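# Notes for the structure review
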Amino acid sequence: LLGAAPDPEEEQAARLQQAVNGAQETPPNSSTATGTATVLLSPDEQTARVSLNFSGLSSAQTAAHIHGPAAVGSPGPILFSLPNGNFTDFLITPSATDVQNLKNGLLYINVHTSNFLSGEIRGQLATSSAAGSVQLSSASYLAGEAAGRVTVTFTRLGDTSTAASVAYATSDTA
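Residues numbered from 1 in each chain as written. Predicted model: local features only at pLDDT ≥ 70, side-chain atom pairs only at ≥ 80, totals over all residues. Heavy atoms only, no water.

## A few points about the overall build of the chain
The helix and strand tally for the chain stands at 1 helix and 13 strands. Along the chain direction, N to C, the helices and strands of the chain fall in the order β-β-β-β-β-β-β-α-β-β-β-β-β-β. Burial status across the chain gives 37% buried among its 174 residues. Excluding contacts between residues fewer than 6 apart, the proportion of contacts in the chain whose partners are at least 24 apart in sequence is 60%. Total accessible area computed for the chain in this model is approximately 9800 Å², and 53% of it derives from carbon and sulfur atoms. (Helix = DSSP H or I, 4+ residues; strand = E, 2+ residues; numbered from the N terminus. Buried < 20%, exposed > 50% of the residue type's maximum accessible area, 1.4 Å probe, protein only. Contact = heavy atoms within 4.5 Å. Areas by Shrake-Rupley, 256 points an atom, 1.4 Å probe, with all protein chains shown as cover.)

Printed below as a string of structure tokens:
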């Protein structure tokens, strides 16, 4: 699959990404856990897909949330509860105010654990448009033999001035 540069008149999805760690928590802590949080805001700004990958928590995870509005180093109320564990493409429906706060860097994601009840790792969400990236509409696809095809949504973000390619594989499983 080759992705062409989008029409400049078309609205683009916004990608917000941040490393998550204990140093960004309020107050900062000594956790060695790390991870990455990504929010892909739809072009119409009505929905967003959240992905969170982390490792090295000091104890069992108890919760994960998006909080805000709050500046770096400040706590904020819970806006969205997120699934426990690593996840991809969790759908949320932000309000217009949430979208503006997200674009202004006033939302953060954090992971709570038994050892750090108020949060072990945190990342302030910020726009990331300088580098190009690709987001698919799902982490995996499954189609029965009779279906004949699967539709995959391919979203390019950031620098789209050059061609992009996607490598894929199929498998036969029972």
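## Overview of the pattern of salt bridges
Opposite charge on two side chains permits pairing when their charged atoms draw close. Under the defined criterion, the tally for this structure stands at 2 salt bridges. Measuring nitrogen to oxygen at the nearest pair gives 2.2 Å for the salt bridge that ties Lys 103 to Glu 45. Placement of the pair is Lys 103 in helix H1 (residues 96–103) and Glu 45 in the loop between strand E3 (34–41) and strand E4 (48–55), with a sequence separation of 58 residues. Taking relative accessible area as the criterion, Glu 45 reaches 29% and is therefore assigned partly exposed. (Salt bridge = Lys/Arg side-chain N within 4 Å of Asp/Glu carboxyl O.)

## Overview of the pairing of E3
Counting buried positions over the 8 residues of E3 gives 6, a clear majority of the element. In terms of strand pairing, strand E2 (residues 14–21) meets E3 through 8 bridges, oriented antiparallel. Opposite Val 20, over in E3, you have Gly 35 as the bridge partner. Counting the residues that bridge the hairpin from E3 to E4 gives 6 residues, and of these Glu 45 lies at a positive phi of roughly 60 degrees. (Pairing = 2+ DSSP bridges.)

## Regarding H1
Looking only at H1, the buried set comprises Asp 98, Val 99, Asn 101 and Leu 102. In a view along the axis of H1, the buried residues occupy a sector of 165 degrees, so they form one face of it. Facing away from the buried side of H1 by more than 90 degrees, the exposed set consists of Ala 96 and Thr 97. Immediately beyond the C-terminal end of H1, within one or two residues, lies Gly 105, with a positive phi of roughly 75 degrees. (Arc of directions from axis to C-beta.)

## Details of the packing of aromatic side chains
Within the structure shown, the criterion is met by 1 aromatic pair. The side chain of Arg 122 reaches across the aromatic face of Tyr 108, ending 3.4 Å from its centre. (Phe/Tyr/Trp six-rings, centres within 6.5 Å; stacked < 30°, edge-to-face > 60°. Lys NZ or Arg CZ within 6 Å of the ring centre and 35° of its normal.)

## As for the confidence of the model for the chain
Residues shown with low pLDDT carry predicted positions that ought not to be read at fine detail. On average, residues of the chain carry a pLDDT of 82, and 72% of them reach 70 or more. Ranking the helices and strands of the chain by mean pLDDT puts strand E6 (residues 78–82) first, with 98, and strand E1 (residues 2–3) last, with 37. Segment residues 1–10 is flagged for pLDDT under 50; beyond a separation of four residues in sequence, or across chains, it makes 14 contacts in the model. (pLDDT = per-residue confidence, 0-100.)

## A look at the side chain of Arg 122
Within the secondary structure, Arg 122 sits in strand E9 (residues 121–124). At 5.1 Å, Glu 25 is the nearest oppositely charged side chain to Arg 122, a buried residue that forms no salt bridge. There is a polar contact of 3.3 Å between the side chain of Arg 122 and the backbone oxygen of Ala 71. In terms of polar contacts, Arg 122 uses its side chain to reach the backbone carbonyl oxygen of Ser 74, at 3.0 Å. (Lys, Arg positive; Asp, Glu negative; His and termini not counted. Polar contact = N/O pair within 3.5 Å; in protein donor to acceptor, adjacent residues only side chain to side chain.)

## Things to note about the nonpolar core
Val 39, Val 50, Leu 52, Ile 66, Leu 82, Ile 109 and Leu 125 are the most contacted members of the largest nonpolar core, which totals 23 residues. Those elements that provide at least two residues to this core are E2, E3, E4, strand E5 (61–67), E6, strand E7 (87–92), H1 and strand E8 (108–113). Among the elements that make up this core, the one with the highest residue count is E4 (4 residues). (Core = buried A, V, L, I, M, F, W, Y, C linked by side-chain atoms within 4.5 Å.)

## Quick look at the environment of Phe 116
Within the secondary structure layout, Phe 116 lies in the loop between E8 and E9. For the pair Phe 116 and Asn 29, spaced 87 residues apart in sequence, the C-alpha to C-alpha distance is 8.7 Å. Setting aside chain neighbours within four positions, we find Phe 116 in contact with Asn 29, Ser 31 and Ser 58.

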